[in-house]
Amino acid sequence: MHPLLFLAPVIAGLSGAAALAHQILWTRRLVDILGASEGTFARVVGMFFLGLAGGGWIASRWRDRGPSPWHRLAWAEMGVGILALPLALGAQFSHWISHQGGMGTVAKWMLPFLLILPPSLLMGLVTPLLIRALAHQPWFRPGQAIWLYSVNTLGGVAGIGFVMAYGLPRWGLTMTALGAVALNLFTAALCWSAQRWSASDSVSSISSHNETPPSASVVASVHPPPLLTLAFLSGFLVMAQEVLLQHQFAQVTINSFFSSATVLAFVLLGLVGGAWLIAPFARATAGNFRTSLWIVLAGSGAACLLEPFLFLQLRPNLAILPYELKPAAYFLAVAGMALITIVPLMVASGMLFPLLLRWALAENEDRRTSITGRLLAVNGLGGWIGAEAAERWVGPSLGIWGGIAALGGIYWVMGVFFTAKGSSASCPRWLPLAFRFGVILAVGGMTLVMRLPQLGQNRAERLVELRVGREGVVATVSLAPDDWRIVFNNSYTLGGSKAQYNQERQAHLPLLLHGEAKSVALLGLATGSTCAGVTLHPNVQAIDAAELSPLVIEFARKHFAPFNRNLFTDPRLRVLQEDARWLTAANPGRYDVVIGDLFLPWRTGEGRLFTVEHFQTVRTSLTTNGLFCQWLPLFQLTREQFEVILHTFRAVFPEAFLVRGDFYTELPIVGLVGGRSMKQLDWARIQSACERLRGNGAIQDPLVRHPEGVAMCLLGPPGPDPAVPLNTLGNAWLEWDAGRNILGLKNPWFVGIPSAEYVREVFRRGQAEIPERFRSAHDSGQFFLTLEVAAKLNLPALSGLKAQITDRLPPALAQDPAADWRHWPMRLKPHIP
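Described in the following lines is the structure provided in the data block. (Residues numbered from 1 in each chain as written. Predicted model: local features only at pLDDT ≥ 70, side-chain atom pairs only at ≥ 80, totals over all residues. Heavy atoms only, no water.)

## Quick word on the packing of helix α21 (residues 612–621) against helix α22 (residues 639–652)
Here's step 1: For the pair α21 and α22, interaxial distance at closest approach is 9 Å and the crossing angle is 40°. It follows that α21 is oblique to α22 by the angle criterion. The handedness of the crossing between α21 and α22 is right-handed. Facing V612, F615, Q616 and R619 of α21, the residues of α22 in contact are I645, T648, F649, A651 and V652.
Here's step 2: A class-by-class count of the residues in the contact of α21 with α22 yields 6 nonpolar, 2 polar and 1 charged. (Axes fitted to C-alpha atoms, helices over the stretch in contact; angles between N-to-C directions. Helix = DSSP H or I, 4+ residues; strand = E, 2+ residues; numbered from the N terminus. Parallel < 35°, antiparallel > 145°, perpendicular 65-115°, else oblique. Left-handed = near helix turned anticlockwise from the far one by under 90°. Contact = heavy atoms within 4.5 Å. Nonpolar A, V, L, I, M, F, W, Y, C, P; charged D, E, K, R; others polar.)

Structure representation (structure tokens):
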């Protein structure tokens, strides 16, 4: 066996692995730097596909002069690695951009162009150059080009698997990116060594295969418009399908980076399967290109139409895969679904481009590199446009099921067009009629799939509105006239009307602790209830609220006005569809108070809001006496995860202390407060702020109407930091740990007795830092937590504790005629006559 028959697939696989590793890491890094807005994702993906397309086009125009193809291939791989270094080492770009003022916006637009397009162009050269290097070998056949294409794609699957399963969790982003660079350099070394075996075999072949710029007539014959059109549509349809499949699986799986990477891996596996089937498929059709094309188009259309029904047969009513499954069982469940839904669809769709490539290479042996480059160029361009079209138009207009069916209709429309173009000798008479019937079937199928559920509902829920956006599927549901919720991707409630007063308290407490806040930033909007709490403070003059999802903003405005005090009519409010990190980074010294909402640690990218880099930008966004409160859901964190966040927070805010948002044991939340210590709190200002708040007749929450209630919510400074890592953009420790732990819940949430014991320790440290006149109220806060624990566990002491409620409640609260005790945040509500 010739050595290149072994070495060429190795080079193709390693190059594909490095390319997909870079693509994942680039997306991650640029989102870290520029913020997770939809514009960032679009620019990153756009530059990647444009680079691949541009590289293919450049390769198609190169003459076979100068360095050998193997040397060019080596330089391309080296170039990818070198040009990837700025992003591998570029976590500090976010700090630089945030301090550029108006130029920072320009930098956000330019960085993807400057940092992603150049290495992507070089990636686009690889497959055409590899085919050119082998085309001089007398033993090379068109089927081997398809084999290299599929091995390159399979390498991409391996690259994704390594990055997600090992690289990022163990090495962090920076070291994993450097590992991908090293892989490029190793691949380049293999290309240099391949020249040794190629040189002796290709001297006589080079002159016979020397490529000169083709004339216009030759280009027209070699690249008939249908061939390029089909290559473009193949990329368009495959990438549009991948986007919609990601949305579908997000409705039933955990919304983490692991889940999205798993779907992408199975999409690529399906494409590999489609490429591998081309050779036996060609033999079965006796090499008839038109017959093969018609079968592929018909099969792809049918697969698109059947996929929604298969998916919902496996997960009726979009039932979410149980988080309680162990990691292996969960992955097998996802893999089983993907093998039945994703892989057949991608195998059928993935046959189209290799079929075009095989036919073009077989028909034009002297123009193989030009053909490969141009087909890859238009295919990459189609992929970019297809992804954008699915995100912006297909999904929002037709939904996650109707969109897939519509793409199937496009395959059949293509069949109608190309059967009409086929000669009567090659096209059976019944075939055009069959494709026309297929188009009618697709239209009818769309009417059925448009009725399929895009939200798993129980019988009590009423779907008010559902929309598909770049961020996912967002819905507003109602269970009762006073029970409205925003549901994201069928699995996470972004807040609801029942929690209105608890959410408002998340704003009241930080503002009261500051005492005189005039400018406030909220990191997260959801239903708007926390933001509504800010609007009730008359001293506040400016409110900035950051929310990534345009659909969430729209639903909060449209459906939750009765529960967010119609806050969108408040002239002080400015809602920004932007990453919360960018809001704070772009506004140094602006805010008296910054409030961080409750974030899911395992959801893609949300761990960035608990990194040392983010906390540093928040600190710079505060005024001299500013205060930052980051709320944490202990019912979604393990103790170690909580300690990592606390350790990271204190690296920036060493004076930090803790407050509680409620007295619950099963669903407790605590706030990390930075910017001043407990000893530095001005209780005269707190009392004045409470008086101003009481002046607003709409506030009936007993805990925020009096400084004694604020004292009940205070805990104290945490103890010495345990030996845990910092959470950074470079290691993303929290996101990886949370993503792993959510499956099977190997480590339990930090709730119940362990949480209550920790709170008791912090409370004891805080006793000495509370003014004497508020210490009794501070003690009362701990009494009510003890009462809640006793009620939860039905302890023998419960009856005795209940008898003490009236005595232990601070007099200011107990004697307040305007207090509404239904707002009291615990299982047992005090009943004050």
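From this point, the narrative continues.
## Points about the nonpolar core
If you look at soluble globular proteins, the nonpolar side chains tend to sit buried side by side.
Here's step 1: Within the largest apolar cluster, 118 residues are counted, with the highest numbers of intra-cluster contacts made by M164 and I342.
Here's step 2: Here this core gets 18 residues from one element, more than from any other, and that element is helix α15 (residues 368–421).
Here's step 3: Sequence-distant contacts of I342, that is, excluding residues within four places in its chain, are made with L245, F249, V263, F266, V267 and M337.
Here's step 4: Among the nonpolar cores identified, the runner-up in size contains 64 residues, and A689, L714, L798 and L813 belong to it. (Core = buried A, V, L, I, M, F, W, Y, C linked by side-chain atoms within 4.5 Å. Buried < 20%, exposed > 50% of the residue type's maximum accessible area, 1.4 Å probe, protein only.)

## Describing the packing of aromatic side chains
Here the distance between the centres and the angle between the planes together describe a pair of aromatic rings.
Here's step 1: Summed over all chains, the structure comprises 29 aromatic pairs.
Here's step 2: Relative to W824, the ring of F784 lies with its centre 5.3 Å away and its plane at 70°, an arrangement referred to as edge-to-face. Of this pair, F784 sits in helix α27 (residues 772–793) while W824 sits in the segment after α30 (811–814), and the two are 40 residues apart along the sequence.
Here's step 3: On the basis of relative accessibility, which here comes to 0%, the residue F784 falls in the buried class.
Here's step 4: By relative accessible area, which is 0% here, W824 ends up buried.
Here's step 5: Among the aromatic residues, ring-to-ring pairing joins F663, F783, F784, W821 and W824 into one connected group.
Here's step 6: Between the NZ or CZ atom of R374 and the centre of the ring of W57, over which it lies, the distance is 5.1 Å. (Phe/Tyr/Trp six-rings, centres within 6.5 Å; stacked < 30°, edge-to-face > 60°. Lys NZ or Arg CZ within 6 Å of the ring centre and 35° of its normal.)

## Focus on the side chain of Q248
Here's step 1: Relative to the helices and strands, Q248 resides in helix α9 (residues 225–250).
Here's step 2: In this view, Q248 contacts E307, F311, I400, W401 and I404; residues no more than four positions away in its chain are not counted.

## A look at the sheet that holds strand β5 (residues 519–523)
Here's step 1: Spatial strand order, β7-β6-β5-β8-β9-β11-β10-β12: 8 strands in an open sheet with mixed pairing. With one partner strand each, in any of the chains shown, β7 (573–576) and β12 (714–716) form the two edges of the open sheet. Sheet twist, expressed as the average angle between the axes of neighbouring strands with direction ignored, equals 20°.
Here's step 2: Those strands touched by α21 are β5, β8 (591–596) and β9 (622–633), and its axis lies near 140° from that of β9. (Pairing = 2+ DSSP bridges.)

## As for the pattern of salt bridges
Here's step 1: Scanning the model with the defined rule gives 27 salt bridges in all.
Here's step 2: Here D544 makes a salt bridge to R590, at a shortest N to O gap of 3.1 Å. Placement of D544 in strand β6 (residues 542–546) and of R590 in the loop between α20 (580–585) and β8 is noted, with a sequence separation of 46 residues between them.
Here's step 3: Given a relative accessible area of 2%, D544 falls into the buried group. (Salt bridge = Lys/Arg side-chain N within 4 Å of Asp/Glu carboxyl O.)

## A look at helix α23 (residues 683–694)
Here's step 1: In this model α23 runs 16 Å from its N-terminal to its C-terminal C-alpha over 12 residues, within 8% of the 16 Å that 1.5 Å per residue would give.
Here's step 2: By the burial criterion, the buried members of α23 are W683, I686, A689, C690 and L693. Seen along its axis, α23 keeps its buried residues to an arc of 115°; they face one direction.
Here's step 3: Looking at the packing, one finds that the buried side of α23 touches α17 (500–514), α24 (707–713), β12 and α27.
Here's step 4: The N-capping residue of α23, defined by a side-chain oxygen 3.1 Å from the backbone nitrogen of A684, is D682. (Expected span 1.5 Å × (residues − 1). Arc of directions from axis to C-beta. Polar contact = N/O pair within 3.5 Å; in protein donor to acceptor, adjacent residues only side chain to side chain.)

## Digging into the pairing of β6
Here's step 1: Of all 5 residues in β6, 4 are buried; the element is thus mostly enclosed.
Here's step 2: Sheet topology places β5 next to β6; 5 bridges connect them, and they run parallel. What sits directly across from L522, in β6, is A545.
Here's step 3: Viewed along the sheet, the connection from β5 through helix α18 (residues 529–535) into β6 turns out right-handed.
Here's step 4: Note: β6 against β7, 4 bridges, orientation parallel. Across the sheet, the residue bridging to I543 is L573, located in β7.
Here's step 5: A crossover links β6 with its parallel partner β7, the connecting element being helix α19 (residues 550–559), and its sense is right-handed. (Right-handed = clockwise from strand over helix to strand, strands pointing away.)

## Details of a nonpolar patch on the surface
Here's step 1: Among the surface-exposed residues, W109, M110, F113 and L114 lie close enough to one another that they form a single nonpolar patch of about 430 Å² accessible area.
Here's step 2: With respect to the secondary-structure elements, M110 resides in helix α5 (residues 102–115).
Here's step 3: The exposure class of M110 is partly exposed, given its relative accessible area of 36%. (Patch = residues over 30% accessible without salt bridge, like charges linked within 9 Å, V, L, I, M, F, W, Y side chains within 5 Å. Areas by Shrake-Rupley, 256 points an atom, 1.4 Å probe, with all protein chains shown as cover.)

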